[in-house]
Amino acid sequence: MEKKIYNILMLVVALVMCGVGRVAAEPADDDDDAGNQHPIKVSLLTFYPGDEIFEVFGHTEILLTDSTGDYYVNYGVFDFNSPNFLGRYIKGETDYMCALMPPELDGGLKPGRKVVRQVLDLSPEEAQRVWDLLVENLQPANREYRYRHFSDNCSTRPRDILEEALDEELDYSRCDYIVGNTLRQVMSYYTRNYPWEQFGIDLALGAACDTIIDARTHTFVPLFLMHALAGVQVDDKPLVKDTSVVRPGADEGIVMPPTPWYLTPMAMAVLVLVLTLLVTVRDYRHRRVSRWYDTLLFSIAGMAGCVIFFVEFISTHEAVMPNYNILWLHPLLLLLAILPWIKRAHSLLRWSHIINVALIATTAVVWMSGMQVPNAAFLPLATSLLLRSSVQVVLNH
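Keep in mind the model is a prediction, meaning the values are calculated, not measured.

1. What about unusual backbone geometry?
(1) Moving on: Residue Met321 is joined to Pro322 through a cis peptide bond whose omega torsion reads -10°.
(2) Moving on: With respect to the secondary-structure elements, Pro322 resides in the loop between α10 (291–313) and α11 (333–338).
(3) Moving on: A positive phi angle, close to 55°, is found at Ala319, a residue other than glycine.
(4) Moving on: Relative to the assigned elements, Ala319 resides in the loop between α10 and α11.

Printed below as a string of structure tokens:
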């Protein structure tokens, strides 16, 4: 069984919010040969962000220590070779697993990625309860769970185990580590040097990401959980009795340098807008619509709309409904790419563009009201679509 787990883990690539961790063999039995129970120490390990996209949110592990050794329990593991993994992930049906990480994989961590250990002040009974719960989770029948980015991940699982062992919901409100008050703001902070990933996140995640979140919800971020636990009191005493840096590194983690401005989504969006303006001005002067440009532009926008439609209405991902991006990027834009080439569709094409102008105007109201915060690159892109629909309405009357 250990060999199988080890082979699986060699294929592991931790995704959003669950960076690469360490692994160990299965914990020994609770009792030694003489029947005496080993004293158990429970620690939380927090891995600061790494420079890979799947490491940007950091990672959390539970470390169990007794006289038989150290056991690193990781909830951020999955089998990339499982059947239809990619399709199920896109649909939001990714199953992660609880696993023990072999200590030898620790050498694979990049130098400079900071790791902090917090030793928890638990009674022997509470520590034993943590041990029992983790052993139960590690059983083949129990180790898989349905991963959720914001509510059930490598950070929230250790939190829930700890609260269950203590038999109480902890108060995390004393934490002063705040990088944003909404899910989108938190995601934007950690992807600040990854503009294309941020662009994709803003495209797929809906208005639910723009509501204020409480301290407990913040704990989906490993660093917030670490800082929050430092301020937690249980029975009028600190929960964390000792904190140490087990691997030195910068407090911001290993952060990639900023993407050059000319390779960012905003630069590409402005380029599209400038090209659209040039084509539109030429069309207006010649009183003729460039069908080829509309086919190209609305085909790309329509395909993006298909992705948004799938994520919002078919996938089971969190915080994707309602997504008002579906107003300006939707599958029906594909009609606007096809109809210009159909002679008898003149009237239908004009009314379709009138509706599209109204939808983009509604989107602008949504953005200005703060119902859903757009990525900055959305503005020139939506303006480009608005310009092309407007010139179609004007010239095809």
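Okay, back to it.
2. Points about the sheet that holds strand β2 (residues 59–66)
(1) Moving on: One open sheet holds the 7 strands; their spatial order is β6-β4-β3-β2-β1-β5-β9, and the pairing between them is antiparallel. Of all strands in the sheet, those with a lone pairing partner are β6 (144–146) and β9 (240–247), marking the two edges. Averaged over all pairs of adjacent strands, the angle between strand axes in this sheet comes to 25°, irrespective of strand direction.
(2) Moving on: Relative to strand β5 (residues 115–120), strand β1 (residues 41–47) runs antiparallel, the two being bridged by 5 bridges. Bridged to Phe47 within β5 is Val115.

3. As for helix α12 (residues 346–369)
(1) Moving on: Over its 24 residues, α12 extends 35 Å from the first C-alpha to the last, a length consistent with the 34 Å expected when each residue adds 1.5 Å.
(2) Moving on: Tucked into the core, α12 has its buried residues touching α10, α11 and α13 (378–395).

How each quantity is defined
- Sequence order sets the numbering: in each chain, residues are counted from 1 along the sequence as written.
- Totals for whole chains, interfaces and linings use every residue, but because this is a predicted model, local features are given only for residues with pLDDT of at least 70 and side-chain atom pairs only at 80 or more, for both listing and counting.
- The side-chain quantities take in all heavy atoms of the structure and omit both hydrogens and water.
- Elements are defined by DSSP. Helices are runs of H or I of four residues or more, strands are runs of E of two residues or more, and each kind is numbered from the N terminus.
- Only strands joined by at least two bridges in the DSSP assignment are considered to pair.
- Under this scheme, a helix contributes an axis fitted over its contacting stretch, all axes are lines through C-alpha atoms, and angles between N-to-C directions fall in the 0 to 180 degree range.
- Given a helix with a known number of residues, its expected span is that number minus one, times 1.5 Å.
- Residue contacts are counted whenever heavy atoms from the two residues lie within 4.5 Å of one another.

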